[in-house]
Each structure stands twice: as structure tokens, then as C-alpha cells.
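Summary of structural features
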Amino acid sequence: MDRIDRVLLAHLQQDATQSYAALGQAVGLSAGAAHERVRKLRERGVIRRTTVDVDPVAVGNAVLAYVMIDSVSWMGDSAKDFAAIPEIVEAHVIAGSASVLVKVRTASTGRLQDVLRRIYAINGVSGTRATVVLETLVERPVSAQNQE
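Residues numbered from 1 in each chain as written. Predicted model: local features only at pLDDT ≥ 70, side-chain atom pairs only at ≥ 80, totals over all residues. Heavy atoms only, no water.

In the annotation of an unreviewed UniProt entry, the chain is listed under the name Lrp/AsnC family transcriptional regulator and assigned to Actinoallomurus acaciae.

What follows is the structure, encoded as C-alpha cells:
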């Protein structure tokens, strides 16, 4: 990826509905050349998908929690089990005191409790520790810029 690709990605992250003409103008390329660059970024898997950023509170999912999951066995093969719980928006196998970390969005703490029950039903899960977020201070997309 060169500088132009990185600038294109930054612009798309700000507004993915921009025309190729606007993107091209931002990086000094024609609309066609900008379109080709974006196509190649998609083809290489750099751009995984185009989506909208929905406000979770506006759609009734005001409770955000991170749940550390303890297990009695390797949980790396449990992706389908975690994916089957729609309130889980991210799930990660981790190193440290727990085996899995999940990010959960629910409408209420009562619904969070229900999610915890469903997590406990997953084979191998031996315990959970939930942390409810009171306020999000920083939330940003992945930067296309080098972090060196």
C-alpha cells in the first residue's frame, strides 16, 4: 500500500458514499483511477466490506459490556457457539487469565444476564466476568496510516 491508497482509505472511512470523482480529487487522480485503486483494495481484502455506523443507543442497545470467559478446555473451536448469540458483537481468543473476551450489546442489564446464561451453556465455559461500560471515551476505526 502506498500513500495514495492510505489517503483513499482514510477518506472512505470518513464517508464511504463519496463519489470516485471526489476521491480522485482528494488524491490527484481521475475518477476512473480512484475507482480502480478502490477495486484493488477490495480485491486484496484491505477493504473487507462497506457498511454504515449505527448508533447502538438509537436502536435500543444502550448496554455495552465486555465479558472475560474462563474455560476448562481450548475455546478456539467455539466460534460458531459465540456467533450464535446475536448480542455478541465481537469474540476473541486471548492470552492471560481468561480464554475468551467478548463484546456484548444489549437493551438492558436483564438482557445482559440472559446473554451470560447462554454463554455459560457453551461447552467448556467455566465462568464469566462482565464489565459494564458507563461511558465510552474514545472509539475509532482502524487507521490506514502506518503506526511506525
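1. Things to note about the pairing of strand 1 (residues 63–71)
Along any regular strand the residues' side chains alternate between the sheet's two faces. In plain terms, the rule: A strand pair is defined by DSSP finding two or more bridges across the two strands. Only runs of H or I of at least four residues qualify as helices and only runs of E of at least two qualify as strands under DSSP, and these elements are numbered from the N terminus.
Looking at chain direction, strand 1 and strand 3 (residues 100–106) are connected through seven bridges and run antiparallel. Considered in strand 3, the bridge of Met68 is made with Leu101. Note: strand 1 against strand 4 (residues 125–132), seven bridges, orientation antiparallel. Within strand 4, the residue paired with Val67 across the bridge is Ala130.

2. Observations regarding the nonpolar core
Selection rule: Put simply, a nonpolar core is a bunch of buried Ala, Val, Leu, Ile, Met, Phe, Trp, Tyr and Cys residues held in one set by side-chain atoms that sit within 4.5 Å of each other. Here's how the labels work: a residue is buried when its accessible area is under 20% of the maximum for its type, exposed when over 50%, partly exposed in between, all with a 1.4 Å probe on protein chains only. By definition, residues are in contact when any of their heavy atoms lie within 4.5 Å.
One finds Ile69, Phe82, Ile88, Val102, Val104 and Ile119 to be the most contacted residues of the largest nonpolar core, which totals 17 residues. Ignoring any residue separated from it by four or fewer positions in sequence, one finds Phe82 in contact with Ile69, Met75, Ile88, Ala91, Val100, Val102 and Ile122. Residues Ile4, Leu12, Val27 and Val38 belong to the second largest nonpolar core, which totals eleven residues.

3. Comments concerning the UniProt feature "domain: HTH asnC-type" (unreviewed entry) in the chain
Threshold: UniProt positions are given in the numbering used here, feature names are shortened, and annotations may be inferred rather than shown by experiment.
Mapped onto this structure's residue numbering, the UniProt feature "domain: HTH asnC-type" (unreviewed entry) falls at residues 1–62. Helix makes up 53% of residues 1–62 and strand 0%, whereas the separation of the span's terminal C-alpha atoms amounts to 38 Å.

4. Considering the pattern of salt bridges
Where we set the bar: Any carboxyl oxygen of Asp or Glu within 4 Å of a side-chain nitrogen of Lys or Arg constitutes a salt bridge here.
Under the definition given, this model contains eleven salt bridges. For Arg39, the salt bridge identified is with Glu43, shortest N-O distance 2.6 Å. Of this pair, Arg39 and Glu43 both sit in helix 3 (residues 31–43), separated by four residues, roughly a single helical turn. Classification of Arg39 as partly exposed rests on a relative accessible area of 33%. You can call Glu43 exposed: its relative accessible area is 61%. Its salt-bridge partner being Lys103, residue Glu90 comes within 3.9 Å of it at the nearest N-O pair. Here Glu90, found in strand 2 (residues 88–93), pairs with Lys103, found in strand 3; they are 13 residues apart in sequence, far enough to count as distant. On the basis of relative accessible area, Glu90 is assigned to the partly exposed category, the value being 34%. Through salt bridges with shared partners, one network takes in Glu87, Arg111, Asp114 and Arg118.

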